[in-house]
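Residue-level listing of the chains:
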Amino acid sequence: MTKRPRIAVVGSANVDLTTFTAHFPKPGETIFGQKFDLGFGGKGANQAVAAKLCGAEVFMVAHVGDDLFGPATIANFEKLGIDASHVRQISGVSTGVAPIFVDPSGQNRIIVVKGANDTLKPSDIDAAAEVLKSADCIVLQFEIPLETVYYTIKFARKHKVRCILNPAPAQPIDANVIGDLDFLVPNESEAEAISGRRVRDIDGAKKCAGQLLSTGVGRVIVTLGANGSLLAGAEGMEHLPAFPMKSVDSTGAGDAFIGSFATFLGEGFSEREAVRRANLYAGLSTTGVGTQKSFYDRARFEAEWAKKAKT
């Protein structure tokens, strides 16, 4: 590792509230659950944690509510060593939450309440301007208002800061805006939502990436789950396969990819090598249950990389 990159994540912070139950209650019915788990999540927070565990210096720009979860979320960032000086607690709204109900078959029902995430505005980007200008990379997702995402992309271009957008959850995007990006990193469904093209295989991913590159974006990386990733630029495209894994839970794998990729790239690895490493990091995250809890620290990752890099 030649340098320790500074990564700024502008995005969401949620609390996942997971209840395991024998069956879902009927309308008006009260039942006993079997187990409950509380975990810190949100795509922005997950990506920040992945980057931090990989060795980056990480700054979070986010909003939480004035409920019990707000201070706990900030405390979690601080415990992990993530700079939370630009994580504001907003009065009168809840922290973003995701109540999740899971039955014995693994079927789930999820209600996402965006809460304070929806209050993150362009003025908050201006308030964090000095931190953002000092970053090697700004990372964004779609769990905050689009106007704030677009404003931050323009900010990054103006100040010549590398910018990575993970367009998740999937929704249409202004093609004129993504032309200012250095990296657009969608998965298959997100790539389809943006381009309108079906992505069912590597060939479909290449056609989709070609269309997205025509907007002017510097690089497109389409993550393909167990099929690895497609790295696409003006000079060509390359499919980089995944590493074989015994996966138990793929939740958060995309966030693991984004956070680790930003770190590896910031350390000076080539784009190809950064994608290969991020493929492995994301794959390793699927061998554990949950999101942030399943992410590897750098030492564990490097041990796995030494064993698998030549495969």
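Summary of the structure given here. (Residues numbered from 1 in each chain as written. Predicted model: local features only at pLDDT ≥ 70, side-chain atom pairs only at ≥ 80, totals over all residues. Heavy atoms only, no water.)

What about the pairing of strand 9 (residues 162–165)?
Where strand 8 (residues 137–140) lies against strand 9, four bridges are found, and the strand directions are parallel. Bridged to cysteine 137 within strand 9 is arginine 162. Between strand 8 and its parallel partner strand 9, the chain crosses via helix 5 (residues 146–158), and the hand of that crossover is right-handed. Bridge count for strand 9 against strand 10 (residues 183–184) is two bridges, and the pairing is parallel. Following the sheet pairing, leucine 165 is matched in strand 10 by leucine 184. (Pairing = 2+ DSSP bridges. Helix = DSSP H or I, 4+ residues; strand = E, 2+ residues; numbered from the N terminus. Right-handed = clockwise from strand over helix to strand, strands pointing away.)

Quick look at the sheet that holds strand 5 (residues 83–90)
Spatially, 5-4-1-8-9-10-11-12-13 is the arrangement adopted by the nine strands of the open sheet, whose pairing is mixed. For this open sheet the edge positions go to strand 5 and strand 13 (236–240), each flanked by a neighbour on one side alone.

Here we look at the state of the cysteines
Two cysteines, two sulfur atoms, one covalent bond between them: this is a disulfide. Tallied over the entire structure, the rule returns zero disulfides. This cysteine, cysteine 137, is not joined by any disulfide, and cysteine 163 carries the nearest cysteine sulfur, 7.0 Å off. With no disulfide of its own, cysteine 208 lies 19 Å from the sulfur of cysteine 163, the closest cysteine sulfur. Given the relative accessible area of 1%, cysteine 208 is considered buried. (Disulfide = S-S within 2.5 Å. Buried < 20%, exposed > 50% of the residue type's maximum accessible area, 1.4 Å probe, protein only.)

Things to note about the packing of aromatic side chains
The final tally for this structure, using the stated rule, is eight aromatic pairs. With 6.0 Å between their ring centres and 10° between their planes, phenylalanine 257 and phenylalanine 261 make a pair best called stacked. Of this pair, phenylalanine 257 and phenylalanine 261 both sit in helix 9 (residues 253–266), four residues apart, roughly one helical turn. Of the residues examined, phenylalanine 261 reaches a relative accessible area of 0% and is grouped as buried. With a centroid separation of 6.4 Å and 50° between ring planes, the pair formed by tyrosine 281 and phenylalanine 295 is classed as tilted. In this pair, tyrosine 281 is assigned in helix 10 (residues 271–285) and phenylalanine 295 in the loop between helix 10 and helix 11 (298–308), connecting sequence segments 14 residues apart. Tyrosine 281 gets classed as buried once you look at its relative accessible area, which sits at 1%. According to the relative accessible area criterion, phenylalanine 295 is buried, its value standing at 6%. What links up through ring pairs into an aromatic cluster is the set Phe243, Phe264, Phe269, Tyr281, Phe295, Phe301 and Trp305. It is lysine 35 that lies over the ring of phenylalanine 20; its NZ or CZ is 4.7 Å from the centre. The ring of tyrosine 296 carries the charged tip of arginine 300 above its face, separated from the ring centre by 3.7 Å. (Phe/Tyr/Trp six-rings, centres within 6.5 Å; stacked < 30°, edge-to-face > 60°. Lys NZ or Arg CZ within 6 Å of the ring centre and 35° of its normal.)

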